[in-house]
Amino acid sequence: MRRRHRRLLLATSLAILLGPLTSSAQPPVDPRAIPPILDPAFRHRKRAQLELSPHGGSYLGRSVGSSFLTGVRAHLHLSELLAVGASYDYSRLQSPSALATLPAARDLHSILAEASLANDLAMRVGKTLIALDLYLTLGLGALQIADEWKLAGVVGGGVKFYTRLSWLAVRIDLQSHIHPTPTGPGAQRVDVDLALTGGLSFFLPARPSTFER
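Visitor: How do you make sense of the packing of aromatic side chains when you look at a structure like this?
Guide: The relative placement of two aromatic rings is captured by the distance of their centres and the angle of their planes. Across all of its chains, the model carries 3 aromatic pairs by this definition. Both rings, one in Trp167 and one in Phe202, keep their centres 6.3 Å apart while their planes meet at 10°; by these two values the pair is stacked. Here Trp167 is found in the loop between strand S6 (148-162) and strand S7 (168-184), whereas its partner Phe202 is found in strand S8 (residues 187-204), with 35 residues between them in sequence. For Trp167, a relative accessible area of 35% translates into the label partly exposed. Judged by relative accessible area, Phe202 falls into the partly exposed class, the value being 31%. Directly above the ring of Tyr135 sits Lys160, whose terminal nitrogen or CZ lies 5.5 Å from the centroid.

This is the structure:
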């Protein structure tokens, strides 16, 4: 009888000790599962949206000098990956001595057709997860410099941070503007100017994610 009592006491003790451990055990995490922040149902749905983005920042070039840049772009998102649209930028020559041989105005105007490829990412700030896009931008159009319109291209990219408002995001762009610059009668050179800009993106129509509805 004593042996039975001891076995029963031992089994009861083990059950008491192991019970909380087994009850609190979590099911294994599937490494193939998509984190909610990267799940399309939780993210901003860009497809068939118009994105309007006013921006401003700095513009640096061999002929331009260190100047400012301001403008606006409009992109139509054909999918979560691809967007196409156009941009307009304005700046001013800050080093006219580089083009002293030309009786030129100091205003610069740029009109470009653009395509953008985006990739979904996420970033942790403290305990907060922020959805963002990392994207590549390619463009082709024309730049007016020294009172002449020249073929111009743009290669760059940036990052877009989505806010809790379904119609608003914050974006930062770093781009290279490639264009010929006239240096005298019948003479020109190819310049590569750098532009660093920040701005806001407004999405039309406003469309919350599936998770927010």
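Visitor: Help me understand the pairing of strand S3 (residues 82-92) in this model?
Guide: Successive residues of a regular strand alternate their side chains across the two faces of the sheet. Here 8 bridges tie strand S2 (residues 65-77) to S3, and the two strands are oriented antiparallel to one another. By the bridge assignment, Thr70 is partnered in S3 with Tyr90. When S3 meets strand S4 (residues 107-125), the two strands line up antiparallel, connected through 11 bridges. Opposite Leu82, over in S4, you have Leu117 as the bridge partner.

Visitor: Looking at this structure, I do not really get the side chain of Lys160. What am I missing?
Guide: Position of Lys160 among the secondary structure elements: in strand S6. Among the polar contacts listed, one links the side chain of Lys160 to the side chain of Glu51, at a separation of 3.0 Å. When near neighbours in sequence (up to four residues on either side) are disregarded, Lys160 contacts Glu51, His77, Ala131, Leu132, Asp133, Tyr135, Ala169, Val170, Arg171, Ser201 and Phe203.

Visitor: What's the story with the pattern of salt bridges in this structure? I'm lost.
Guide: Between side chains of opposite charge, pairing is possible as soon as their charged atoms come close. Tallying each qualifying case throughout the model produces 14 salt bridges. Asp191 is the partner of Arg62 in a salt bridge, and the nearest nitrogen-oxygen pair spans 3.0 Å. Of this pair, Arg62 sits in the loop between strand S1 (50-61) and S2 while Asp191 sits in strand S8; the two residues are 129 residues apart in sequence, bridging distant segments of the chain. Relative accessible area serves as the criterion here: at 54%, Arg62 is assigned to the exposed category. Through salt bridges with shared partners, a single ionic network connects Glu51, Arg73, Glu114, Lys160, Arg171 and Asp173.

Visitor: Could you clarify how one ought to interpret the nonpolar core in this entry?
Guide: One recurring pattern in soluble globular proteins: nonpolar side chains tend to sit buried together. With 11 residues, the main nonpolar core is built from Tyr59, Val64, Leu69, Leu93, Leu108, Leu112, Leu143, Ile145, Ala152, Val154 and Ala195. Elements with a contribution of two residues or more to this core: S4, strand S5 (128-145) and S6. Contacts of Leu112, omitting those with residues within four sequence positions, involve Gly85, Ala86, Ser87, Leu140, Gly141, Ala142, Ala152, Val154 and His177.

About the criteria used
- Residues numbered from 1 in each chain as written.
- Predicted model: local features only at pLDDT ≥ 70, side-chain atom pairs only at ≥ 80, totals over all residues.
- Heavy atoms only, no water.
- Phe/Tyr/Trp six-rings, centres within 6.5 Å; stacked < 30°, edge-to-face > 60°.
- Helix = DSSP H or I, 4+ residues; strand = E, 2+ residues; numbered from the N terminus.
- Buried < 20%, exposed > 50% of the residue type's maximum accessible area, 1.4 Å probe, protein only.
- Lys NZ or Arg CZ within 6 Å of the ring centre and 35° of its normal.
- Pairing = 2+ DSSP bridges.
- Polar contact = N/O pair within 3.5 Å; in protein donor to acceptor, adjacent residues only side chain to side chain.
- Contact = heavy atoms within 4.5 Å.
- Salt bridge = Lys/Arg side-chain N within 4 Å of Asp/Glu carboxyl O.
- Core = buried A, V, L, I, M, F, W, Y, C linked by side-chain atoms within 4.5 Å.

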